[in-house]
Amino acid sequence: MKKGFIIGMFYLLGLLLLSFGISTMIVADLGVGPWDALYVGLSETIGFTVGTWVFILGIILILLNGYLMKKMPDFLAIITIFLIGVFMDFWLLVAFAGLDSLSMPVRSMMLVAGVLIIALGITFYLQANFARNPIDSLMMAIKMRTGKSLAFSKTIMEVSVLVIAFLFGGPIGLGTVIVAFGIGTLIQLFITPVTNTRKRLTNETEVVL
């Protein structure tokens, strides 16, 4: 019971940090990751909030992943995309409301902080191994259908989404490059201490070195 509660808290905190980091990068307006650029581009071009597009595209991906992997769609992932969407709308529409005309030094610091927070949030969220983000599942589906490596599958997915985001006028810039090439290294940096913290809190004896 205690272990489940702690892991649940890691999951929620991870999604909260992830959404906060993404929202911070959006407000900095120096570029965001391909998927986030797509959400913003769709929001500004068609309407609806960024969080709503996280949910809409998430549902589409859940169904697409089920088709590509020839199995029942992972409807539990709806919980994850719903929470991310709600959290992002809170940060963008409430917490950061009216925050504009920021100086370049402030925007640069927000960009760096956003990337770090996103990586930390992902490492917390991954501790739960529950209701994975359908974007992660799409990468696995592409790998399965193409027979290529995870790196190849992720690259194809991210580049394709980046092109679509560009067509919709999404915020592509320095932040996009940093997320594309730096987020994996940061996750690797954070994963061991976060995992060890979770193991200590849940009284697991094995510690990652």
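Preceding this section is the structure that the text describes.
Residues numbered from 1 in each chain as written. Predicted model: local features only at pLDDT ≥ 70, side-chain atom pairs only at ≥ 80, totals over all residues. Heavy atoms only, no water.

Considerations on the packing of aromatic side chains
Reasoning step 1: Under the criterion given, the structure shown has 7 aromatic pairs.
Reasoning step 2: For the pair Phe48 and Trp53, a centre-to-centre distance of 5.9 Å together with 65° between the ring planes defines the contact as edge-to-face.
Reasoning step 3: Taken together, the aromatic side chains of Phe20, Phe90, Trp91 and Phe96 make up a single cluster linked through ring pairs.
Reasoning step 4: In this structure, Lys148 packs its charged tip against the face of Phe152, placed 5.8 Å from the ring centre. (Phe/Tyr/Trp six-rings, centres within 6.5 Å; stacked < 30°, edge-to-face > 60°. Lys NZ or Arg CZ within 6 Å of the ring centre and 35° of its normal.)

Topic: the pattern of salt bridges
Reasoning step 1: Under the counting rule described, the total for this entry stands at 1 salt bridge.
Reasoning step 2: For Lys154, the salt bridge is made with Glu158, and the minimal N-O distance between the two is 3.6 Å. Placement of the pair is Lys154 and Glu158 together in helix α7 (residues 150-167), with a separation of 4 residues, close to one helical turn.
Reasoning step 3: Judged by relative accessible area, Glu158 falls into the buried class, the value being 17%. (Salt bridge = Lys/Arg side-chain N within 4 Å of Asp/Glu carboxyl O. Helix = DSSP H or I, 4+ residues; strand = E, 2+ residues; numbered from the N terminus. Buried < 20%, exposed > 50% of the residue type's maximum accessible area, 1.4 Å probe, protein only.)

Looking at the nonpolar core
Reasoning step 1: Formed by 52 residues in total, the largest nonpolar core has its most connected members in Trp35 and Tyr39.
Reasoning step 2: Counting only elements with at least two residues in this core, the list comes to α1 (2-28), α2 (34-45), α3 (50-68), α4 (77-95), α5 (104-126), α6 (134-146), α7 and α8 (174-201).
Reasoning step 3: For Tyr39, the contacting residues outside a window of four places in its chain are Val50, Trp53, Val54, Leu57 and Ile135.
Reasoning step 4: Counting 5 residues, the second-largest nonpolar core is a separate cluster that includes Ile6, Phe10, Leu17 and Phe124. (Core = buried A, V, L, I, M, F, W, Y, C linked by side-chain atoms within 4.5 Å. Contact = heavy atoms within 4.5 Å.)

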